[in-house]
Amino acid sequence: MKERKYSAETLCAQAGYDPKNKEPRITPIVQSTTYNYDTSEDLARVFSLSEGGYMYSRLGNPTVAVLEEKIAALEGGVKGVATSSGMAASFFSVINITRAGQNIIATSNVYGGTMTLFTFELKNMGIEVRFVSERASKEEILASCDENTRLIFAESLSNPSLDVLDFEEFAGAAKEAKIPLIVDNTFPSPFLCRPLDHGANIVVHSTSKYIDGHGSCIGGMIIDGGNFDWKSSGKFPELTEPDESYHGVVYADSFGKAAYGAKCQAGLLRNFGSTMSPFNAFLTNIGTETLHLRMERHSNNALKVAEYLENHTKVDWVNYPKLKSSKYYDLANKYLPKGAAGVVSFGVKGGADLAKKFLDNLGGFITIATHVGDLKTMALHPASTTHSQLSEEEMKAGNVLPNLVRLNIGIENVDDIISELERAFEGI
Ligand SMILES: *Cc1c(COP(=O)(O)O)cnc(C)c1O
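Remember, it's a predicted structure, so these values are computed and weren't measured experimentally.

Q: How should I be thinking about the overall build of the chain in this particular structure?
A: Each helix and strand counted, the chain has 18 helices and twelve strands in total. For 428 residues, the compact-globule estimate of 2.2 N^0.38 gives 22 Å, and the C-alpha radius of gyration of the chain, at 22 Å, lies within 12% of that figure. Counting only C-alpha atoms and orienting by the principal axes, one finds that the chain spans roughly 75 × 55 × 35 Å. Out of the 428 residues belonging to the chain, those deemed buried represent 52%. In the chain, of all internal contacts separated by at least 6 residues, the share reaching a separation of at least 24 is 72%. As presented, the chain carries roughly 18400 Å² of accessible surface, and 51% of it is formed by carbon and sulfur atoms. Charge separation in the chain, taken as the distance between the mean sites of 41 positive and 52 negative side-chain charges, equals 2 Å.

Q: Can you help me understand the domain arrangement of the chain in this one?
A: Interfaces are often sized by the accessible area lost when the parts come together. What the domain assignment lists for the chain is domain 1 (19-287) and domain 2 (291-426). Put simply, the middle of domain 1 and the middle of domain 2, counted by C-alpha atoms, are 30 Å apart. With 31 residues of domain 1 at the interface, the matching set in domain 2 holds 32 residues. Roughly 2700 Å² is buried in total at the junction of domain 1 and domain 2, and carbon and sulfur atoms are behind 63% of that figure. On the domain 1 side of the interface with domain 2, the three residues burying the most area are F191, L192 and Y210, jointly 29% of the side's total. If you look at where domain 1 meets domain 2, you find one salt bridge. The salt bridge involving K334 is made with E168; its shortest N-O contact spans 2.7 Å. At the boundary of domain 1 with domain 2, the tally comes to 13 residue pairs in polar contact (both at pLDDT 80 or more). The set of elements that each furnish at least two residues to the side of domain 1 that touches domain 2 consists of α7 (167-177) and α8 (189-192). Among the elements that line the side of domain 1 that touches domain 2, the one with the most residues is α8, at four residues. Considering only residue class, the side of domain 1 that touches domain 2 consists of 15 nonpolar, nine polar and seven charged.

Q: Is there a simple way to think about unusual backbone geometry in this case?
A: With the exception of glycine, most residues fall at negative phi, and the peptide bonds are largely trans. With omega at 5 degrees, the peptide bond leading from N159 into P160 counts as cis. Mapped onto the elements, P160 comes out in the loop between β4 (149-155) and α7. Look at L162: it is not a glycine, yet its phi comes out positive at around 60 degrees. Mapping L162 onto the fold places it in the loop between β4 and α7.

Q: Explain the sheet that holds strand β2 (residues 103-107) here, please?
A: The strands making up a sheet associate through hydrogen bonds between their backbones, and the pairing can be parallel or antiparallel. Judged by pairing direction, the sheet is mixed, and its seven strands sit side by side in the order β1-β7-β6-β5-β4-β2-β3 without closing on themselves. Strands with a single pairing partner mark the edges of an open sheet, and in this sheet they are β1 (79-83) and β3 (128-132). Across the sheet, the mean angle separating the axes of adjacent strands is 20 degrees when strand polarity is ignored. Contacts between helix α5 (residues 112-124) and the sheet are confined to β2, β3 and β4, with β3 contributing the most and set at about 140 degrees to the helix. Along the sheet, helix α12 (residues 259-272) contacts β1, β5 (181-184), β6 (202-206) and β7 (220-224); its crossing angle with β1, the most-contacted strand, is approximately 30 degrees.

Quick notes on the rules
- Residues numbered from 1 in each chain as written.
- Predicted model: local features only at pLDDT ≥ 70, side-chain atom pairs only at ≥ 80, totals over all residues.
- Heavy atoms only, no water.
- Helix = DSSP H or I, 4+ residues; strand = E, 2+ residues; numbered from the N terminus.
- Rg over C-alpha atoms; globule rule 2.2 N^0.38 Å.
- Buried < 20%, exposed > 50% of the residue type's maximum accessible area, 1.4 Å probe, protein only.
- Contact = heavy atoms within 4.5 Å.
- Areas by Shrake-Rupley, 256 points an atom, 1.4 Å probe, with all protein chains shown as cover.
- Lys, Arg positive; Asp, Glu negative; His and termini not counted.
- Charge placed at Lys NZ, Arg CZ, Asp CG, Glu CD.
- Domains from an automatic or database assignment.
- Buried area = accessible area lost by both parts, 1.4 Å probe.
- Salt bridge = Lys/Arg side-chain N within 4 Å of Asp/Glu carboxyl O.
- Polar contact = N/O pair within 3.5 Å; in protein donor to acceptor, adjacent residues only side chain to side chain.
- Nonpolar A, V, L, I, M, F, W, Y, C, P; charged D, E, K, R; others polar.
- Pairing = 2+ DSSP bridges.
- Axes fitted to C-alpha atoms, helices over the stretch in contact; angles between N-to-C directions.

What follows is the structure, encoded as structure tokens:
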């Protein structure tokens, strides 16, 4: 699979595993912590990173590697590093190249978990996070950077506000500041958007969402785009100077374009753990085999549901980037040409109580759950659940209005989804 360039659909079904004569056709689960070597010298070469191979599954495992290779191929990057969760991927993506006393730029619409990580944990570690608006211009972003700024972090399609990233502004600013742009691409998945094509340098995923797609495994992934020149930037000694914690390896010399990914694996996975298990990699990889089919169906169903809601007399407003009424319509057509995935939010006319009543009326196959990216349709009232700890002002600042209902539109028949919704509306 390595030499030829295949389309995304083929990569979803095939990439990462290339069985040899008499080997199993389906990716085997290598449920082993340990690997055998004939001589100490053989193992020593693997340990010194001068030769590829597995030594201990905290740092790498053949089943996990299949998933890493597939997502890297889908994103067009040079190396994938799987983690135990999306949160671990976001955390590692930052601390791989940022130390105490330095700062990073992030958009203020990042996922709630990421926001907490950035505003509390990173701060406690001595890393300052400077927030900019997701609508900031290149100049505004650059105005927040100084000589200690190490990276810019943003979401391609934000969770849950569904803002579409203006790559031109953010990648332009990163390039000018000679720092990488890291993009959380969880919501579009690599099938609907490839951030590296639009100037991003590192991509992170929560594979727990669409990439798995079946709601079975928590997981994360970091993709090194191989398109950032660490040496000429001059700001990243952890990649361009000897790593004392790993007998003096210089990642940019030993691993070239994959320096960032190699450090993530040999340094962070080794020292922090947060490794993906082989079984989770196996299940997640089965998810990826239908990613292209699911993303198409999620996107088509969600657009139809959004249009239905927009014409409904009991609906106040609808947020979906592919609606002509969305302020992100043009950016969505530019960066999400194949679709905008399955999350739709809307306001129920009459306020929070009626929004809750709407959910209680559902009763059919649409269940109440916090998850998104799952192939089953689910609904949530954030103001009384996930966001209930926030004050009314904080909710407003985060665009979580009291009457907001979030739908995770699944891959069922869209007429069935709409008639379930209609039944719930009839009761309010
Ligand atoms: C869910 C999510 C995460 C966190 O991922 P987990 O796998 O739940 O740890 C990060 N970013 C985005 C955009 C998410 O939706």
